[in-house]
Amino acid sequence: MSSENIPLNIRKTIQRLVLWILLYLVITALILTTIPSLIPQVKPVIDAYATYISIGLSLFFGYMIIKAFSDLVYWMLRVKHPHSTAAAVRSLFTILGIGALAAGIAGGTAGGAAGVALGGFIGMVIGFATQQVLGQAIAGLFVLLVRPIRIGDKVNVAGEAGIVEDISTLFTVIRKEDNSLALIPNNMLIGSKIYILERAK
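These figures come from a predicted structure and were not determined experimentally. (Residues numbered from 1 in each chain as written. Predicted model: local features only at pLDDT ≥ 70, side-chain atom pairs only at ≥ 80, totals over all residues. Heavy atoms only, no water.)

## Let's talk about the nonpolar core
This is how the line gets drawn: By nonpolar core is meant a set of buried Ala, Val, Leu, Ile, Met, Phe, Trp, Tyr and Cys residues that side-chain atoms within 4.5 Å join together. Think of it in three bands: residues with accessible area under 20% of the maximum for their type are buried, residues over 50% are exposed, and the middle band is partly exposed, with areas taken using a 1.4 Å probe on protein chains only. Think of it this way: any DSSP run of H or I at least four residues long counts as a helix, any run of E at least two long counts as a strand, and we number them from the N terminus. Two residues form a contact once any of their heavy atoms are found within 4.5 Å.
I149, V155, V157, V164, I167 and I174 are the most contacted members of the largest nonpolar core, which has 17 residues in total. Among the elements of the structure, α4 (83-110), α6 (131-146), β1 (154-157), β2 (160-167) and β4 (181-185) are those that each provide at least two residues to this core. Per element, the largest residue contribution to this core is four residues, and it comes from α6. Setting aside its immediate chain neighbours within four residues, V157 contacts I174, I184, L189, K193, I194 and Y195. Listed in part, the 13 residues of the second largest apolar core include L17, W20, Y74 and A86.

## Concerning the environment of I194
Take I194: it is sitting in strand β5 (residues 194-198). The class of I194 is partly exposed, set by a relative accessible area of 29%. Taking C-alpha positions, I194 is 8.3 Å from I149, a pair spaced 45 residues apart along the chain. Discounting chain neighbours no more than four positions away, the residues touching I194 are P148, I149, N156, V157 and L189.

## Looking at the packing of aromatic side chains
In this description, a pair of aromatic rings is defined by centroid distance and the angle of the planes. The line we're drawing: Two rings from Phe, Tyr or Trp (for Trp, the six-membered ring) form a pair when their centres are within 6.5 Å of each other. A pair whose planes differ by under 30 degrees is stacked, one over 60 is edge-to-face, and the rest are tilted.
On inspection of all chains with the given rule, the structure shows seven aromatic pairs. Where F60 meets F61, the ring centres are 5.1 Å apart and the plane angle is 80°; that geometry is what we call edge-to-face. The exposure class of F60 is partly exposed, given its relative accessible area of 45%. On the basis of relative accessibility, which here comes to 5%, the residue F61 falls in the buried class. Clustering of aromatic rings is evident, with ring pairs tying together W20, Y24, F60 and F61.

That's the geometry; what it means functionally is another story.
Pasting the structure below:
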C-alpha cells in the first residue's frame, strides 16, 4: 500500500465513523420517538419492547462504531508503522471495545447501582475469559513496536532455535533447522531470554 493512499483511507474511515454515529442517533430517535408520535397505534407496542429495541440498536451500531474506530486507529498507525503492528493494535482496540460495549449495555439495562455492579461483573468475566489472549496480544504489540527481533533474524528464544519467519499479534513463527515451524506465544517470548545469533541483512 503506497503512503499516498493512507491519508485518503484516514479520511474515508473518519467519514464512516461519523456516519455510523449519526445513523445510530437518527434511527434510534426515529424508532423510539418520531414513529410513536406520528402513528399512535404503534406506540403501545414500541413502549412494551423499547428496552429490547434499544439493546438491539446499541449492539449493532455499537459494533459498527467500534469497528470504524479500530480501522481509524489502524490507518493512523500505518503512517509510521508496518501493517503487522497497526493490525495488532486494531485487534486490541476491537476486543476491548466489544468488552466495554457488552459491559455498558448490561449495566445500562439493569440501571442504577445494580447496573454498575452488573456492568463491572460482566467486565470482569470478559477480562478473565480473554486474559490469555489479551496477554499474548499485548506482548505481541510490544514485540512489534520494540522489535527485539525481526523477520529473517537467526535466534534462540524460548528454547527454540531457528530463523524468524513471521511475527503476528499472538505468535512468533520460527523455522527450525529441520524445516519444521515453531509457533511461540508472544508472552513466552517476552518472558524469556532472547539470543540473536545473526541479524537479518
